[in-house]
Amino acid sequence: MLVTNPAPDFTAQAVMPDGSFQTLKLSDYRGKHVLLFFYPLDFTFVCPTEIIAFDKALAKFKERNVEVIGVSVDSHYTHSAWRNTPPKDGGIGPVRYPLVADLDKSIAKAYDVLVNNAVALRGLFLIDKGGVVRHAVINDLPLGRSVEEALRMVDALQFFEQHGEVCPANWHRGEEGMKADAAGVAKYLASHA
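Fair warning: this is a prediction, and the values are worked out from it, not measured in the lab.

Concerning the overall build of the protein
- Counting secondary structure elements, the protein contains 6 helices and 9 strands.
- Relative to the 2.2 N^0.38 estimate, which gives 16 Å for 193 residues, the radius of gyration of the protein is 18 Å and therefore close to what a compact globule would have.
- The principal-axis extents of the C-alpha atoms in the protein amount to approximately 55 × 35 × 30 Å.
- For the protein, buried positions account for 48% of its 193 residues.
- In the protein, the proportion of contacts linking residues at least 24 apart, taken out of those at least 6 apart, comes to 63%.
- By element, 55% of the accessible surface of the protein is carried by carbon and sulfur atoms, the whole surface being about 9700 Å².
- Seen as two clouds, the 20 positive and the 23 negative side-chain charges of the protein have centres 2 Å apart.

This is the structure in structure tokens:
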């Protein structure tokens, strides 16, 4: 289980937002919130819908000071080819966040999302500024993720960090939190009955 533990660090080749190849080290992002997500393979079917959805929501993540990073077991050359293919032709276009190459599958193994020693499940990890995993969700291959839920979890974590109050079920940005004690729960439940 990774939640509440330090995110496994890694150093790997990535295709950066400008299309260049660079070495990306996760620990270089300390001091920032990171949304790290794994997807099975380039040039597949559900994956581009997720990658493009995260790209379309990138401004929302950036306004929250969250760095988005995608990872699959493909090479950085394959990532580049997929970025250089228009979506109408099965590509993803020039997404504006890094795509990390995990050709040896070591990153997927470290995050416990590797299935059949072949591809990564759809793992998503929200990492706080101190490098600790605070939220994780892992979907099977045919089940696409919700970008809106990822944003909601970012908002909940940042609300907790700022106010020290917890976020009840279905909490959304702009709503009240609650004190993490019996009185806080009772007050919240009474006002939401």
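Next comes the rest of the write-up.
Regarding the side chain of H135
- Of note, H135 is situated in strand β9 (residues 133-139).
- Judged by its relative accessible area of 16%, H135 is buried.
- Those residues in contact with H135, other than ones at most four positions away along the chain, are V3, L124, F125, L126 and M153.

Some points on the pairing of strand β1 (residues 11-15)
- One ladder, built from 5 bridges, connects β1 with strand β2 (residues 21-25); its direction is antiparallel. By the bridge assignment for β2, T11 is matched with K25.
- Counted along the chain from β1 to the antiparallel partner β2, the turn is 5 residues long, and its residue G19 has a positive phi close to 90°.
- Judged from the 2 bridges that link them, β1 and strand β5 (residues 99-101) form a sheet pairing that is antiparallel. By the bridge assignment, V15 is partnered in β5 with L99.

Some remarks on the sheet that holds strand β8 (residues 122-127)
- The strand order across the open sheet built from 7 strands is β2-β1-β5-β4-β3-β8-β9, with neighbouring strands paired in mixed fashion. Pairing within the sheet leaves two strands with one partner each, and these edge strands are β2 and β9. Across the sheet, the mean angle separating the axes of adjacent strands is 30° when strand polarity is ignored.

Some points on helix α1 (residues 46-56)
- Three or more residues of α1 are buried, namely C47, P48, E50, I51, F54 and D55. Relative to the axis of α1, the buried residues are bounded by an arc of 165° and lie together on one face. Away from its buried face, by an angle of more than 90 degrees, α1 presents the exposed residues T49 and K56.
- Buried positions along α1 lie against β3 (33-38), α2 (58-63), α3 (76-83), β8 and α5 (147-163).

Some points on the packing of aromatic side chains
- Evaluated as defined, the whole model comprises 11 aromatic pairs.
- Centre to centre, the rings of F21 and Y77 are 5.3 Å apart; their planes meet at 90°, and the pair counts as edge-to-face. In this pair, F21 is assigned in strand β2 and Y77 in helix α3, connecting sequence segments 56 residues apart.
- Classification of F21 by relative accessible area gives partly exposed; the value is 34%.
- Since its relative accessible area comes to 56%, Y77 is described here as exposed.

Rules and cut-offs
Residues numbered from 1 in each chain as written. Predicted model: local features only at pLDDT ≥ 70, side-chain atom pairs only at ≥ 80, totals over all residues. Heavy atoms only, no water. Helix = DSSP H or I, 4+ residues; strand = E, 2+ residues; numbered from the N terminus. Rg over C-alpha atoms; globule rule 2.2 N^0.38 Å. Buried < 20%, exposed > 50% of the residue type's maximum accessible area, 1.4 Å probe, protein only. Contact = heavy atoms within 4.5 Å. Areas by Shrake-Rupley, 256 points an atom, 1.4 Å probe, with all protein chains shown as cover. Lys, Arg positive; Asp, Glu negative; His and termini not counted. Charge placed at Lys NZ, Arg CZ, Asp CG, Glu CD. Pairing = 2+ DSSP bridges. Axes fitted to C-alpha atoms, helices over the stretch in contact; angles between N-to-C directions. Arc of directions from axis to C-beta. Phe/Tyr/Trp six-rings, centres within 6.5 Å; stacked < 30°, edge-to-face > 60°.

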